[in-house]
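An overview of the molecular structure
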Amino acid sequence: MQLRYSFRVYPSAGQRTALARAFGCARVVFNDALRAREAARAAGLPFPKTGDLSKRLITEAKNTPERAWLGEVSAVVLQQSLRDLDTAYKNFFDGLKGKRPCMGAPRYKSRKDTRQAVRFTANARWSITPGGKLRLPKVGDLKVKWSRALPSTPSTVTVVKDSAGRYFASFVVETGPDEVLPEMTPEVGIDLGLTRFAVLSDGRKIDSPRFLRRAEKRLKKAQRALTRKQKGSSNRDKARVKAARAHARVADARREFHHRLSTQLIRENQTVAVEDLAVKGLARTRLAKSVHDAGWSAFVNMLEYKAARYGRTLIRIGRFEPTSQVCSQCGVKDGLKPLHVRIWTCSACGAVLDRDVNAAVNVAKAAGLAVSACRARVRPGLVPAQRSAAGTHPKRPTQPVWEQTGIPGLQAGEEVNSCPSRRSP
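None of the values given here were measured: they were computed from a predicted structure.

1. As for the confidence of the model for the protein
- Residues with a pLDDT of 70 or more make up 87% of the protein, whose mean pLDDT is 84.
- Note that residues 373–394 has pLDDT below 50 and, in this model, 30 contacts with residues that lie over four places away or in other chains.
- Note on residues 396–425: pLDDT under 50 across the span, and 21 contacts to partners over four residues away in sequence or across chains.

2. Observations regarding the layout of surface pockets
- Space inside the largest pocket adds up to approximately 1700 Å³.
- Those elements that place two or more of their residues in the lining of the largest pocket are β1 (2–10), α1 (13–42), β2 (116–120), β6 (156–161), β7 (167–174), α6 (234–268) and α9 (296–310).
- The dominant element in the lining of the largest pocket, judged by the number of residues it contributes, is α6, at ten residues.
- Approximately 1000 Å³ is the volume attributed to the second largest pocket.
- For the lining of the second largest pocket, the elements supplying multiple residues, two or more each, are β8 (187–192), β9 (196–200), α8 (288–294) and α10 (355–366).
- With four residues, α8 is the single largest residue contributor to the lining of the second largest pocket.
- Residue composition of the lining of the second largest pocket, grouped by class: 15 nonpolar, nine polar and 13 charged.

3. Description of the environment of alanine 251
- Looking at the element boundaries, alanine 251 is found in helix α6.
- Judged by its relative accessible area of 25%, alanine 251 is partly exposed.
- When the C-alpha positions of alanine 251 and leucine 212 are compared, they lie 8.4 Å apart, and in sequence the two are 39 residues distant.

4. A word on the packing of aromatic side chains
- Under the definition given, this model contains ten aromatic pairs.
- Taking the centre distance of 5.4 Å and the plane angle of 70° together, the rings of phenylalanine 47 and tyrosine 89 count as edge-to-face. Residue phenylalanine 47 is found in the loop between α1 and α2 (50–59), and its partner tyrosine 89 is found in helix α3 (residues 75–97); the two are separated by 42 residues along the sequence.
- Residue classification places tyrosine 89 among the buried residues on the basis of a relative accessible area of 5%.
- Arranged with centres 5.2 Å apart and planes meeting at 75°, the rings of phenylalanine 197 and phenylalanine 257 form a pair that is edge-to-face. With phenylalanine 197 in strand β9 and phenylalanine 257 in helix α6, this pair connects stretches of sequence that are 60 residues apart.
- Given the relative accessible area of 1%, phenylalanine 197 is considered buried.
- Among the aromatic residues, those joined into a cluster by ring pairs are Phe7, Trp126, Trp146 and Phe171.
- Between the NZ or CZ atom of arginine 8 and the centre of the ring of phenylalanine 168, over which it lies, the distance is 5.8 Å.
- The ring of tyrosine 310 is capped by arginine 267, whose NZ or CZ atom sits 5.2 Å from the centre of that ring.

5. Quick notes on the side chain of serine 208
- Mapped onto the secondary structure, serine 208 falls in the loop between β10 (205–207) and α4 (211–214).
- Not counting residues within four places of it along the chain, the set of residues in contact with serine 208 comprises Leu194, Thr195, Arg196 and Phe197.

6. Observations regarding the packing of α1 against α3
- Closest axis-to-axis distance for the α1/α3 pair is 9 Å, and the angle between their directions is 45°. Taken together, the axis directions place α1 and α3 in an arrangement best described as oblique. As α1 runs across α3, the sense of the crossing is right-handed. Residues Ala22, Cys25, Ala26, Val29, Phe30, Ala33, Leu34, Arg37 and Glu38 of α1 touch α3, and the partners they reach there are Val77, Leu78, Ser81, Leu82, Asp84, Leu85, Asp86 and Tyr89.
- Considered class by class, the residues forming the contact of α1 with α3 number twelve nonpolar, one polar and four charged.

7. A few points about the nonpolar core
- With 42 residues, the main nonpolar core has Val118, Phe120, Leu134, Leu136 and Val157 as its most contacted residues.
- No other element matches α1, which puts eleven residues into this core.
- Ignoring any residue separated from it by four or fewer positions in sequence, one finds valine 118 in contact with Ala22, Phe23, Ala26, Val77, Val157, Thr158 and Val159.

8. Re the sheet that holds strand β3 (residues 127–128)
- Judged by pairing direction, the sheet is antiparallel, and its seven strands sit side by side in the order β2-β6-β7-β1-β5-β4-β3 without closing on themselves. Two strands close off the open sheet at either side, each with one partner strand: β2 and β3.
- Pairing analysis gives two bridges linking β3 to strand β4 (residues 134–136), with the strands arranged antiparallel. Bridging across to β4, serine 127 finds its partner in arginine 135.
- Along the sheet, α1 contacts β2, β5 (140–145), β6 and β7; its crossing angle with β2, the most-contacted strand, is approximately 90°.

Criteria and thresholds
- Residues numbered from 1 in each chain as written.
- Predicted model: local features only at pLDDT ≥ 70, side-chain atom pairs only at ≥ 80, totals over all residues.
- Heavy atoms only, no water.
- pLDDT = per-residue confidence, 0-100.
- Contact = heavy atoms within 4.5 Å.
- 1 Å grid on protein atoms, 1.4 Å probe; cavity = no way out; pocket = protein on both sides within 12 Å on 5 of 7 lines; lining within 4 Å.
- Points joined across faces, edges and corners; volume = space filled by probe spheres on them.
- Helix = DSSP H or I, 4+ residues; strand = E, 2+ residues; numbered from the N terminus.
- Nonpolar A, V, L, I, M, F, W, Y, C, P; charged D, E, K, R; others polar.
- Buried < 20%, exposed > 50% of the residue type's maximum accessible area, 1.4 Å probe, protein only.
- Phe/Tyr/Trp six-rings, centres within 6.5 Å; stacked < 30°, edge-to-face > 60°.
- Lys NZ or Arg CZ within 6 Å of the ring centre and 35° of its normal.
- Axes fitted to C-alpha atoms, helices over the stretch in contact; angles between N-to-C directions.
- Parallel < 35°, antiparallel > 145°, perpendicular 65-115°, else oblique.
- Left-handed = near helix turned anticlockwise from the far one by under 90°.
- Core = buried A, V, L, I, M, F, W, Y, C linked by side-chain atoms within 4.5 Å.
- Pairing = 2+ DSSP bridges.

Here is the structure:
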């Protein structure tokens, strides 16, 4: 499978200018190609092919005074911009055919977009120097902060400038079967939530870090400062970058938490079962901010690709499974329960169940996993003894009690006072 590794890049002032020139040229070629195809569609003509667009908008345009500056950047960057437009159209038409979720039609790029990217393939002859720098054509040697070694030789590299003004080098590498982990016995079900980010079927509970909630005060201050700046001014651009950096810190911390937890779960268990949550629906409720702060979709996507990478199994159960309503001990559906009810007692078997652990066990059972609620808060409840079984006789008497005691009017099951002075007349 293909994986993407991103590393922080620190270009110099001149290299930032060269990258900005590459970003601008790639944007212009993308917009020219989109304009040409839209004009052909409006005129009822067939769409121009990528080869024709490349010849007209890149090769021939470099010889014109209006587009002569396209020769100042690598031609591979411009060619990849046309590939991006083809991908955008393909996704749009596949969405109309029902092959994938609906996508909007390609739109023009703006020079004011806060995120920009260019891609270099092997034809661009980029390389990693012996000193650990990234050498790009017509840009120079970029200083890279390597956090890990690449598992194989990358095929492409994409230089990205995000909204916070940071630069990243993103490498695409191929992984082989040598990364498959040995098989294990443990299997686990996961119940995702807000108070507890994840509750496992073995009883473990992972608290929700709530990165957005903890940084809310700092984010409010940065956003308030941004809204007070005059539009189009340099101070507003500085305030925008400051607010973007505050949001980037939150997103980076959340992503790091998701990576660590997903890797741990995949390494410790052979099979992982999760519930297919309707995140888009939950994001329309009053819990929208907390739902987005948790980032369930990103976490499940990490579990999915890591399971495929390391030879594990990920099972998604339907979102309509009543995992919080069914007793994990006897399987009886006990009905809906409000969210404030965290511990409940099964009306059938009397088991005292922790709501989240019980849901995690039911998720695992719905996925067909043989799991147990080890260390979970599940215990049998107190069942009152029957009145007829509270005596000292090993067997229930076959004849009425009044015949045995000689006391007329005493019904079976009633207590007999042994004190003669307190007998009823």
